[in-house]
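Coordinate inspection notes
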Amino acid sequence: MSVKSQNKKWFKAYKRIIGIFYRKPKFIYLDEQVTEPSLILSNHVSSKAPVKWEIYFNRSFRFWGVAEMTQGPKAVYRYLSSTYFHQKKHWNKTLAKIVGFIATPFVNLFYRGMDLIPTYNDIRFTITIRESTKTVINGSDLIIFPEDSSHGYKDHLTYFFSGFVALAENILKKGIDIPIFAAYYQKKKNTFIIDKGIRYSKLKALFKEPKAIALAMKNRLNELAEQHSN
């Protein structure tokens, strides 16, 4: 059974309400559409890209997301007020705390419905890899936001973390040469530009090291942005 088909009725209704505030985007494929379990690497664009993927992408998938967003209202509030609004969006601390307090119940509910796969910066990342591999084997995509957003969300991406390479390598060991798609969300055009997929084995042969693969995919997302800016 797909992840999407398991969505509870309350979450489907909740997404319809949220959809009132988020216009439906266009999805432009430069080659074939996603037709098998894949890794999709996307820019984040604050909350816009994740919310629009969740509401409007008509495939079975799960996101990677920071572990704090899966740990209940207190952890969600701490993340929103200290990290998301203050560090990443550069709001002053008072405003970040006020808006974080107001937003926490709604954001926590949304993340509960998303079935997010939590990511960690320590040995627990093996949990992320294990759960993600199982998700792909069960027939669903994974949407990952590899960009370094510690200093805010940039239109021109400056750095990609390479955790998705470790995942693709683990999936390859299970006998699945997973396709990887670069997908750039253009905020002004409200459009996702989705590149031709490339098999992980080909990326591995071309670039050898995980950091080099991450750099190549980061550069490709920036190329998509530049090529389709007009």
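Below is a summary of the structure that appears in this document. (Residues numbered from 1 in each chain as written. Predicted model: local features only at pLDDT ≥ 70, side-chain atom pairs only at ≥ 80, totals over all residues. Heavy atoms only, no water.)

Focus: the side chain of serine 132
Considering the arrangement of structural elements, one finds serine 132 in helix H5 (residues 125-137). Judged by its relative accessible area of 0%, serine 132 falls in the buried class. Residues contacting serine 132, with those up to four places away along its chain left out, are Trp64, Ile117, Leu142 and Leu167. (Helix = DSSP H or I, 4+ residues; strand = E, 2+ residues; numbered from the N terminus. Buried < 20%, exposed > 50% of the residue type's maximum accessible area, 1.4 Å probe, protein only. Contact = heavy atoms within 4.5 Å.)

Quick word on the pattern of salt bridges
In this structure the tally under the stated criterion is 10 salt bridges. Across the salt bridge formed by aspartate 122 and arginine 124, the nearest N and O atoms sit 2.9 Å from each other. Take arginine 124: its relative accessible area is 39%, and that puts it in the partly exposed class. Several salt bridges converge on common partners, so that one network encompasses Arg62, Asp115, Glu131 and Lys134. (Salt bridge = Lys/Arg side-chain N within 4 Å of Asp/Glu carboxyl O.)

What to know about the pairing of strand S3 (residues 61-66)
Of all six residues that make up S3, five are buried, and the element is covered over most of its length. With three bridges joining them, S3 and strand S5 (residues 141-144) adopt parallel strand pairing. Bridge pairing in S5 places arginine 62 opposite leucine 142. (Pairing = 2+ DSSP bridges.)

Some details on the layout of surface pockets
Of the voids in this model, the second largest pocket is the one considered here, and its volume is about 390 Å³. Around the second largest pocket, the lining is made up of 20 residues, and of these Asp155, Tyr184, Tyr185, Lys187 and Lys188 lie nearest the centre. Per-element tally for the lining of the second largest pocket: the top contributor is strand S6 (residues 179-186), with three residues. (1 Å grid on protein atoms, 1.4 Å probe; cavity = no way out; pocket = protein on both sides within 12 Å on 5 of 7 lines; lining within 4 Å. Points joined across faces, edges and corners; volume = space filled by probe spheres on them.)

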